[in-house]
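# Chain and residue survey
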Amino acid sequence: MASRNGRRLWLAGTATAALVLPLGWFWQQSLVPDTYDLAAMGVADWGGGPVDEHAAMAGMPGTPVAELTAPPDISADIRETLVVRAEGGGYTVDGASPGPLIEATVGDLVEVTLVNDNVADGTTLHWHGVDVPNAADGVAGVTQDAVLPGEEFVYRFVAEQAGTFWYHSHQVSHEQVQDGLFGGLVVHPERADAEVLEQVALVHRYDDGPTLNGRPGTLTVDAEAGQGVRLRLVNTDNGITSAWVTGTEFQVLAVDGSDVNEPEPVEGAAVRIPAGGRVDLGFVVPDGGVRVDLGGTTAVVFGQDPASARPRRPDDVVDLLSYGEPAAVGFEPAAPDRRFDYIIGKRPGFLDGRPGLWWTVNGRLFPDVPMFMVSEGDVVVFRIENNSDDTHPMHLHGHHAVVLAKDGVTATGSPWWVDSLEVGVGESYEIAFVADNPGLWMDHCHNLPHAAEGLVAHLMYAGVTSSFVVGGDDGNQPE
Ligand SMILES: [Cu+2]
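Rules of the game
- Residues numbered from 1 in each chain as written.
- Predicted model: local features only at pLDDT ≥ 70, side-chain atom pairs only at ≥ 80, totals over all residues.
- Heavy atoms only, no water.
- Buried < 20%, exposed > 50% of the residue type's maximum accessible area, 1.4 Å probe, protein only.
- Helix = DSSP H or I, 4+ residues; strand = E, 2+ residues; numbered from the N terminus.
- Pairing = 2+ DSSP bridges.
- Polar contact = N/O pair within 3.5 Å; in protein donor to acceptor, adjacent residues only side chain to side chain.
- Contact = heavy atoms within 4.5 Å.
- Core = buried A, V, L, I, M, F, W, Y, C linked by side-chain atoms within 4.5 Å.
- Salt bridge = Lys/Arg side-chain N within 4 Å of Asp/Glu carboxyl O.

What follows concerns the pairing of strand 25 (residues 379-386). With 7 of 8 residues buried, strand 25 is to be regarded as a mostly interior element. As judged from the 7 bridges shared by strand 22 (residues 338-351) and strand 25, these two strands associate in the parallel manner. Residue pairing across strands places arginine 338 opposite valine 380, the latter belonging to strand 25. Note: strand 25 against strand 31 (residues 428-434), 7 bridges, orientation antiparallel. By the bridge assignment, glutamate 385 is partnered in strand 31 with serine 428.

Set out below in structure tokens:
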């Protein structure tokens, strides 16, 4: 009896150990140090291109991120100070959310001083969609330390592209952005058409509900019949929204700050705006007025409201893959120097010791994810594929990429330049860009809670070294 019991016990013990020991190993392997250098994490992926043996992962010589700045001898054309506070259960920039709209003209050197009054976790400002020098990208632990209460940080960049952009915190961003730490940024072309009425609308859902420019309901803009309008829509939320126009036909003038080539008139179709994305709509106000609905919760009305009831969302969607007319993109994506996969999945595992179902990049869990390695001047192609059960608005910092194909269908319209690309469940995209902005750049999901759950990877240039650590004395926590 004793020996049989002993054998049973031994078997049970062995079975338990067989289960627990590997789990323990996976748990232990998943633990992220309190402080770490991003360049020391993950696995280098050279995308089938040449491997630079002197390239920085960690500890290699090169240009530190902190030195990748705008020329220090150029004086500022636009100078702003933005004071950030925690108040009223959320965050404000200069006492309001959204913060002030920053306006510049293409070619201006923009200099913004961020002052953190009392945000205990610290904060930063990221210039979403602007291809700034790396040191001005505003990502805590990647391009700077979090700015703690009482501290300041100066951002300097040349606004090289006219378009609609926005700024937001990239420190504990899944809380700070949601709770109001953001604002709009418009870079005007050298010769703006003074006849056109410009309106910016930031779409945001606070805890209290959906808003436009911080207010619920309908935003009414005075406009006479015959008035040309450029409506700059910014989706500052974690989920996709869409816009539809009642009262007139319209054009999609720009997507993610890049003009569409020869946009044709649209009627009876909605325009999708991914999280973080922007769309500029153009139209002429007719006698009866124009109404632009946003997600069915808020609207902008120009002149009188042409709808007697809230208009339904059209079933049709503007397909940016075929919208507008082709034009040169300035490089040859057919023979790229590097070709990367960014395959998004989901599987059980441990993320920093926490068991759960987590996002994966190429089958790997953060921080054991690919580090996409490039050399300056490379033509780079990414294949983004979403095999998970949720949609992901993918945002690459520091670069604009052109969409080559969706689900194997080649793009036939205007060059579709993106920095915030919705990759739906089961969808795949091929995008291409020129690696022309050296640094260490985030390439992550802009559904910010997803990023906090590990849907984050980075693009790293050979010859660049990291200057900051996640964690550390300032508690850097980019997601
Ligand atoms: Cu996501």
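There is more to say after this.
Another aspect to go through is the side chain of asparagine 386. With respect to the helices, strands and loops of the structure, asparagine 386 is situated in strand 25. We classify asparagine 386 as buried; its relative accessible area is 0%. A polar side-chain atom of asparagine 386 sits 3.2 Å from the main-chain carbonyl oxygen of glycine 424. Not counting residues up to four positions away in its chain, the partners in contact with asparagine 386 are Ile344, Thr391, His392, Val423, Gly424, Val425, Gly426 and Glu427.

Burial of nonpolar side chains together is a common tendency in soluble globular proteins. Among the nonpolar cores identified, the biggest contains 82 residues, and Val252, Leu281, Phe283, Tyr342 and Phe382 are the most heavily contacted of them. Looking at this core element by element, the count peaks at 5 residues for strand 33 (residues 456-461). Counting 25 residues, the second largest nonpolar core, distinct from the first, contains Val112, Val130, Val147 and Tyr155.

Within the structure shown, the criterion is met by 18 salt bridges. Where aspartate 293 meets arginine 291, a salt bridge forms, and the shortest distance between an N and an O atom there is 2.8 Å. Taking the shortest distance from any N to any O, the salt bridge between glutamate 427 and lysine 406 comes out at 3.5 Å. Note that glutamate 427 is positioned in the loop between strand 30 (420-423) and strand 31 and lysine 406 in strand 27 (residues 401-406), a separation of 21 residues in sequence.

Structural measurements only, silent on function.
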